[in-house]
Amino acid sequence: MRDRIYLDYAATTPLGNAARTAMLPWLGDLFGNASSVHGNGREARKACEKARKQIAEAIGAEPNEIYFTSGGSESDNWAVKGTAFAHQKAGNHIITTAIEHHAILNTCKWLEKQGFSITYLPVDEEGWISPEQVEKAITNRTILISVMTANNEIGTIEPVDEIGKIARHYRIPFHTDAVQAIGSVPISCQNTGADLISLSAHKFYGPQGVGALYIRSGLKIEPLIHGGNQERGLRAGTNNVAGIAGMGAAISECMEAAPNVNRSVREYRDRLIRGIIERVPDCRLNGPEGDRRLPGNCHFSFDGIEGEALLLRLDLAGIACSGGSACTSGSPSPSHVLDAIGLNPSMMNGSLRITLGRHTTRDEIDEVLNVLPEIVQQLRCMRGS
Ligand SMILES: *Cc1c(COP(=O)(O)O)cnc(C)c1O
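Just so we're clear, the structure is a prediction, and the values are computed from it rather than from any experiment.

Rules and cut-offs
- Residues numbered from 1 in each chain as written.
- Predicted model: local features only at pLDDT ≥ 70, side-chain atom pairs only at ≥ 80, totals over all residues.
- Heavy atoms only, no water.
- Buried < 20%, exposed > 50% of the residue type's maximum accessible area, 1.4 Å probe, protein only.
- Helix = DSSP H or I, 4+ residues; strand = E, 2+ residues; numbered from the N terminus.
- Pairing = 2+ DSSP bridges.
- Right-handed = clockwise from strand over helix to strand, strands pointing away.
- Axes fitted to C-alpha atoms, helices over the stretch in contact; angles between N-to-C directions.
- Near = heavy atom within 4 Å.
- Polar contact = N/O pair within 3.5 Å; in protein donor to acceptor, adjacent residues only side chain to side chain.
- Areas by Shrake-Rupley, 256 points an atom, 1.4 Å probe, with all protein chains shown as cover.
- Core = buried A, V, L, I, M, F, W, Y, C linked by side-chain atoms within 4.5 Å.
- Contact = heavy atoms within 4.5 Å.
- Salt bridge = Lys/Arg side-chain N within 4 Å of Asp/Glu carboxyl O.

1. Re the pairing of strand E5 (residues 142-146)
Where burial is concerned, most of E5 is hidden: five out of the five residues are buried. Alignment of strand E3 (residues 93-97) against E5, held across three bridges, turns out to be parallel. Residue pairing in the sheet places Ile95 in a bridge with Ile145 of E5. Bridge analysis of E5 against strand E6 (residues 174-177) gives two bridges, and the strand direction is parallel. For Ile145, the partnering residue across the bridge sits in E6 and is Phe174. Where the polypeptide runs from E5 across helix H6 (residues 160-169) and back to E6, its parallel neighbour, the crossover connection is right-handed.

Below you can see the structure in the form of structure tokens.
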């Protein structure tokens, strides 16, 4: 049987070698509660602190500004709710965008029910959000700006450095969901002036179920998880030592490999995009071209077909990709991101996200270019008959 072709790196990545090596001892003989005073505890604590340093280095932060969480969704929830409630005396207005991950959007919707007022900024047809828009939306009640570093569906890289400068000028806390961007886009908490940055290990070849939130030292924030005194009293719960060790090793490996990986991934992405445009009539590339697009992201709409059917046919051909984002596939509601960039319903339905990563080869891309045009044509014929 031919190997399956995995092209859904935006949904999750395979565990990298560095992460596995760092984790294995903690799934074997080594164990300990990082809060314990004895030797086992000290060893576990040492592993966590090493990872904290590795993550801090990757984004230009201090280790004591990194807080471990259960993943990107928790980090997003904490950043938004924690800031909203800590700053509610100063105001109740939050600025975000229409194309954030649901971990931000649904958190904001919930906050509306708690009396907060949210501005969901629109985006242009490439999913881009202009810093001027952000500035115009600021009121004297604004207590948080949250804009993602890069979009997980259509790959748009947002101008977070400029938005961060604006936020800083008005002294408003700025959060960025960098879950999809880290490793592909240089992220520095100094350049962005971000006060809060969400990360998730399984998007950069680390394990699932572990993430981190960068919190600029001095920023006021309420905890999301109450309990013990872990993570300097701001995030209770026994540390996931294996996961944390894996996350630290993964980010270091990712940063080291990034220049080479991004170069080849970008080259294969452009080969795929050009190939699809040449071979498939009536298609539309969603998101920007070139440097304003994540290196590994390719997202198309094919008029007149069902994305779900396309996914199944590709899966039968041994190719794993996504209909939009992993969190929305399987649900009939169209993507909020494609809606925000102004696609008509027919184009929205026929959308396909192909995301490339570290292990993607030219042969895999050529195989997609081989089978995809025919599948699209067959599905269109079935519809027409
Ligand atoms: C995957 C993802 C998340 C959620 O992260 P989990 O660790 O899966 O909870 C949040 N934001 C973006 C942009 C993502 O791509």
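2. Concerning the sheet that holds strand E9 (residues 283-285)
Strands sit in the order E9-E10-E12 across an open sheet of three strands; the sheet is antiparallel. The strands lining the two open edges of the sheet, one partner per strand, are E9 and strand E12 (351-355). On average, adjacent strands in this sheet sit at an angle of 25° to one another, irrespective of strand direction. Judged from the three bridges that link them, E9 and strand E10 (residues 297-302) form a sheet pairing that is antiparallel. Within E10, the position partnered with Arg284 by the bridge is Ser301.

3. Quick notes on the site of the ligand
The local shell around the ligand holds 13 residues, among which Ser73, Asp177, Gln180, Ser200 and Lys203 are the closest. Ser73 is positioned with one of its side-chain polar atoms (N or O) 2.7 Å from an oxygen atom of the ligand. In this structure, an oxygen atom belonging to the ligand sits 2.7 Å away from a side-chain N or O atom of Lys203. Protein burial of the ligand: of its 380 Å² of free accessible surface, 87% is covered by the chains. Per element, the largest residue contribution to the shell around the ligand is three residues, and it comes from helix H3 (residues 72-86).

4. Topic: the nonpolar core
Within the largest apolar cluster, 66 residues are counted, with the highest numbers of intra-cluster contacts made by Ile145, Ile197 and Met247. Setting aside residues up to four positions removed in sequence, Ile145 forms contacts with Ile95, Val134, Ile138, Ile163, Ala167, Ile172, Pro173, Phe174 and His175. In this structure, Phe300, Leu314, Leu372 and Leu379 belong to the second largest nonpolar core, which totals 30 residues.

5. Details of the pattern of salt bridges
Summed over all chains, the structure comprises eleven salt bridges. The salt bridge partner of Arg216 is Asp195, with a shortest N-O separation of 3.0 Å. Here the residue Arg216 occupies a position in the loop between strand E8 (211-215) and helix H8 (241-279), and Asp195 occupies one in the loop between helix H7 (189-192) and strand E7 (196-200), the gap between them amounting to 21 residues. Residue classification places Asp195 among the buried positions, given a relative accessible area of 12%. The partner of Arg362 in a salt bridge is Glu267, and the shortest N-O contact between them spans 2.8 Å.

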